[in-house]
Amino acid sequence: MGIILDGKALANKLAENLKEKVKTLKNEGITPHFCVINIGDNPASKIYVHTKKRRAKKVGLIQDIYQLPTDTHQEQVLALIDKLNADQSINGIMVQLPAPKQINADELLERIDPNKDVDGLTPANIGRLWLEDHFVEPATPAGIIALLQHYNIPLVGKDVVIIGRSNIVGQPLAALMLEQNATVTIAHAKTKNLAALTKKADIIVSATGQAFLVTAEMVKDGAVIIDVGMNHVNGKLVGDVDFDAVKKKASYITPVPGGVGPLTVQSLMEAVVKLTRRQNDRK
Ligand SMILES: Nc1nc(=O)c2c([nH]1)NC[C@@H]1CN(c3ccc(C(=O)N[C@@H](CCC(=O)O)C(=O)O)cc3)C=[N+]21
């Protein structure tokens, strides 16, 4: 029976440490200040933005939310990003994804000053990630690495299968795990035989948005299971993994909710503080 990787508990613990760090900064006259740009009324985004607001307040950060209407023009958002880039009092900027159809999200991300890139999603910071010379990491991958570290689950030499190749999860997580000397395979919708890959994996990470994608038959005895999925099934939040069945075979497994999600938000807060310290020439 697998041990539950309690992301919520770890996020709370890390938040306490971060709060102390922020206090120290405040005593030096520095209060980390970041901005979230949310375009339109995606219901999931609304929830995340509020979760962040709560967490930011708890840790002592200043967070501004720029809620823009669904029909906002690309140029308006670019102008806002330019303004925030130039504003010395702002330490971090992020654009909540997904954005409405008329918006070119890649162009928005490219416009963010890499030094203020809380999400680590600008081309410069994605490049630095693969060069193993990074100062900020995308939040969900950073949270997953923190979770594995906390439970003393090593990555060196492990066979990892990541299902999903998104810019915000699969790809950056592959870079971070490779950096820790794991052998990483990224599977995706066109992968020929997913089960053949996952059956051999020491660690499986699923980030697809397909409920019940990962079944017990696909999992090796003693594997570590990280579920990044967020799916609503009959009004209930579930991940990509058939949790009850897979739990019996896994050595460790993350629940949904209470697993990777809370650590994503915590990692964002950590990134804001990291960037703030860096902008003020602190290690
Ligand atoms: N630019 C950008 N950066 C992101 O980091 C980003 C994004 N866009 N778009 C969407 C995804 C998703 N994401 C989550 C944040 C919190 C929870 C979270 O706190 N989940 C709770 C449950 C929340 C609930 O009950 O709905 C949990 O898993 O326990 C989940 C997912 C951040 N994302």
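Every chain is numbered independently, its residues counted from 1 as its sequence is written. The predicted origin of the model limits local features to residues at a pLDDT of at least 70 and limits the giving and counting of side-chain atom pairs to 80 or more, whereas totals for whole chains, interfaces and linings rest on all residues.

As recorded by an unreviewed UniProt entry, the protein chain carries the name Bifunctional protein FolD and is attributed to Lactobacillus kefiranofaciens. UniProt positions are given in the numbering used here, feature names are shortened, and annotations may be inferred rather than shown by experiment. Turning to the protein chain, the UniProt annotation filed under Function (unreviewed entry) states: "Catalyzes the oxidation of 5,10-methylenetetrahydrofolate to 5,10-methenyltetrahydrofolate and then the hydrolysis of 5,10-methenyltetrahydrofolate to 10-formyltetrahydrofolate." If you open the UniProt record of the protein chain and go to Pathway (unreviewed entry), you find "One-carbon metabolism; tetrahydrofolate interconversion."

**Some points on the overall build of the protein chain**
Across its full length, the protein chain holds 10 helices and 11 strands. Principal-axis analysis of the C-alpha atoms places the extent of the protein chain at approximately 55 × 40 × 40 Å. Buried residues are those with 20 or more other C-beta atoms within 10 Å of their own C-beta, exposed residues have 12 or fewer, and partly exposed residues lie in between; C-beta atoms are placed from the backbone. When each of the 283 residues of the protein chain is scored for burial, the buried share is 42%. Partitioning the contacts of the protein chain with sequence separation of at least 6, the portion at a separation of at least 24 is 71%. Secondary structure follows DSSP: runs of H or I at least 4 residues long count as helices, runs of E at least 2 residues long count as strands, and numbering of each begins at the N terminus. Distance between backbone-placed C-beta atoms decides contact: two residues are in contact if it is within 7 Å.

**A few points about the UniProt feature "domain: Tetrahydrofolate dehydrogenase/cyclohydrolase NAD(P)-binding" (unreviewed entry) in the protein chain**
On the UniProt side, "domain: Tetrahydrofolate dehydrogenase/cyclohydrolase NAD(P)-binding" (unreviewed entry) is annotated at positions that read residues 138-279 here. Segment residues 138-279 splits into 38% helix and 18% strand. End C-alpha atoms: 18 Å apart.

**Quick look at the site of the ligand**
Using a C-beta atom placed from the backbone, a residue is described as near a molecule or strand when that atom lies within 6 Å of it. Of all residues adjacent to the ligand, which total 18 residues, the nearest are Y48, L97, P257, G261 and T264. Secondary structure elements with two or more residues in the shell around the ligand: helix 2 (43-59), strand 4 (92-95) and helix 10 (260-279). The residue inventory of the shell around the ligand, partitioned by class, reads 12 nonpolar, 5 polar and 1 charged. What fixes the domain bounds is an automatic or database domain assignment. Lining the shell around the ligand are residues from two domains, each supplying at least three of them: domain 1 (29-113) and domain 2 (139-261). Each residue gets one label: Ala, Val, Leu, Ile, Met, Phe, Trp, Tyr, Cys and Pro are nonpolar, Asp, Glu, Lys and Arg are charged, and the others, such as Gly, are polar.

**Observations regarding the domain arrangement of the protein chain**
What the domain assignment reports for the protein chain is domain 1 (29-113) and domain 2 (139-261). One C-alpha centre belongs to domain 1, the other to domain 2; they are set 28 Å apart.

**A word on helix 7 (residues 170-179)**
Among all positions of helix 7, only G170, P172, L173, A174, L176 and M177 are buried. N181 occupies a position one or two residues after helix 7 and carries a positive phi of about 70°.

**With respect to the environment of V136**
With respect to the helices and strands, V136 occurs in the loop between helix 5 (123-130) and helix 6 (139-150). Judged by C-beta crowding, with 26 C-beta atoms within 10 Å, V136 ranks as buried. Sequence separation between V136 and S267 is 131 residues; the distance between their C-alpha atoms is 9.9 Å. The residues touching V136, leaving out its near neighbours within four places in the chain, are D117, G120, N125, A271, K274 and L275.

**Quick look at the UniProt feature "binding site: NADP(+)" (unreviewed entry) in the protein chain**
As annotated by UniProt and renumbered to match this structure, "binding site: NADP(+)" (unreviewed entry) occupies G164, R165 and S166. Its location among the elements puts G164 in the loop between strand 5 (159-163) and helix 7. What G164 contacts, discounting residues up to four positions off in sequence, is V169, G170, H188, S206, A207 and T208. By C-beta crowding, S166 is classed as partly exposed, having 18 other C-beta atoms within 10 Å.

**A few points about the nonpolar core**
Side chains of a nonpolar character, in soluble globular proteins, are inclined to be buried together. Counting 77 residues, the largest nonpolar core has V205 and I225 as its most contacted members. In terms of residue count, the dominant contributor to this core is helix 10 (9 residues). Those residues in contact with I225 that sit more than four places away from it in its chain are I204, V219, V241, V246, A250, I253 and T254. Each nonpolar core comprises buried Ala, Val, Leu, Ile, Met, Phe, Trp, Tyr and Cys residues, the members being joined through C-beta atoms within 7 Å.

**Some remarks on the sheet that holds strand 5**
The strand order across the open sheet built from 6 strands is 1-11-8-7-5-6, with neighbouring strands paired in parallel fashion. Looking at strand neighbours, the two that pair on one side only are strand 1 (3-4) and strand 6 (183-187), the edges of this open sheet. As defined by bridge partners, strand 8 (residues 224-227) adjoins strand 11 (residues 252-253) across 2 bridges and the pair is classed as parallel. The residue bridging I225 from the neighbouring strand is I253, located in strand 11. We treat two strands as partners when DSSP finds at least two bridges between them.

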